[in-house]
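Residue-level structure breakdown
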Amino acid sequence: MIIDDVTITVAAGNGGDGVVRFNKTKMSLGPTGGSGGNGGNVFLQGVSDLGALRQFRFKKENKADDGQTGKFQLNDGHDGKDLILLVPVGTIARNLLTGKNIEITKIGQLELIAKGGKGGRGNFLFRSAVNTTPKEAEKGQLGQNFQMRLELKMIADVGFIGLPNVGKSSLLNELTNAQSKVANYPFTTLEPNLGVYYDLILADIPGLIEGASAGKGLGIKFLKHVERTKVLFHLVAADSADPVLDYKTVRAELELYNKSLLQKPEYIFLSKSDEVSQEVVLKVKQEFKKLPARIGYAESVAGGGKDVESISIVDANSIEKVKKLLTKIMQEKTA
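Now for a look at the structure at hand. (Residues numbered from 1 in each chain as written. Predicted model: local features only at pLDDT ≥ 70, side-chain atom pairs only at ≥ 80, totals over all residues. Heavy atoms only, no water.)

The subject of this paragraph is the side chain of Ser310. Structurally, Ser310 is set in strand 18 (residues 308-310). For Ser310, the contacting residues outside a window of four places in its chain are Leu270, Ser273, Val281, Lys285 and Ser318. (Helix = DSSP H or I, 4+ residues; strand = E, 2+ residues; numbered from the N terminus. Contact = heavy atoms within 4.5 Å.)

Below, the structure is given as structure tokens:
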């Protein structure tokens, strides 16, 4: 199960205390108390593992090491070890104390989120011409401590959307080495699946239904993943009782969640076309041609129509057309 929204406590290390010490060797008297070490910092680092947030399901407290207390003979305490928290690329980290957001967009990206406390000075650093035997030392400062919300919004080049059981996972498996679960019943996919087609990241978004924007079905938990995709592949099942209505239903939910989703480049595919006659395929295509150029909750733009490509995973020619389209998208990405 992918954890894509979790709140954790982040605590940087506290600084070590400085100490009061004196040299007892004859002819070498004087303060020798060392300073405390600095507390460890806390960092976020981006990784490709989509399930990296799973580690925080039960581990809510995340603390870096404290700095060590100062020692005698001018020896300072060791600094605390930094803590690096691995999060998936696409994670937005919100500091719930300050409201500041940090976005992890690249693999290997390293971001400081909590700074460790500074170590306190030992009495050696308090010596002066008028105070040759200082008996004071500083306490170490506290490290930053706050709650942080980690929310994953996947970054993918192409997102597969549509109602449940329209063949999104099957298409992903056919195009990539992904091994998404496939079965002949709704909501087979309960979490996003990723696949890689050369330089493109493809994402199979779990099925959306009417009311998804209000939390029905798998709800807005997965609608937010659509936000970060650059291109949408909208799959509509050819064996549906009303493919056009299915298409409108998903588009309406996208608009209710975030109107900007309707502006993304979209390609429509009539999946499972091998399960119906060619007459049915042609009829559905003609119905899509009658649609406004842009479909949302309100059909406000007339004309243009919708082009639909019929596909089937058992038809090598239709899959080849999808691959050519992906190659075109890939070339545009690298241009």
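Past the structure itself, the notes keep going.
What follows concerns the pairing of strand 1 (residues 5-11). Taking burial as the measure, the 7 residues of strand 1 include 5 buried ones, the bulk of the element. The pairing of strand 1 with strand 10 (residues 145-152) spans 7 bridges and is antiparallel. From the neighbouring strand, Thr9 faces strand 10, where its bridge partner is Gln147. In this sheet, strand 5 (residues 61-63) lies alongside strand 1 in parallel orientation, the contact comprising 3 bridges. The residue bridging Thr9 from the neighbouring strand is Glu61, located in strand 5. (Buried < 20%, exposed > 50% of the residue type's maximum accessible area, 1.4 Å probe, protein only. Pairing = 2+ DSSP bridges.)

The final tally for this structure, using the stated rule, is 9 salt bridges. With a closest N to O distance of 2.5 Å, Arg149 and Asp5 form a salt bridge. Remark: Asp5 occurs in strand 1 and Arg149 occurs in strand 10; sequence separation between them is 144 residues. Among the ionic pairs, Asp307 bridges to Lys289, the shortest N-O distance being 2.6 Å. (Salt bridge = Lys/Arg side-chain N within 4 Å of Asp/Glu carboxyl O.)

Moving on: helix 3 (residues 243-257). Between the first and last C-alpha of helix 3 there are 22 Å, a value that for 15 residues agrees with the 21 Å anticipated at 1.5 Å per step. Most of helix 3 is tucked away, with 11 of its 15 residues classed as buried. For helix 3, the full list of buried residues reads Pro243, Val244, Asp246, Tyr247, Thr249, Val250, Arg251, Ala252, Glu253, Leu254 and Glu255. (Expected span 1.5 Å × (residues − 1).)

Checked against the element boundaries, Gly143 lands in the loop between strand 9 (110-114) and strand 10. Overall, the relative accessible area of 12% leaves Gly143 in the buried class. Contact partners of Gly143, with chain neighbours within four places excluded, come to Ala12, Gly13, Asn14, Lys115, Gly116 and Gly117.

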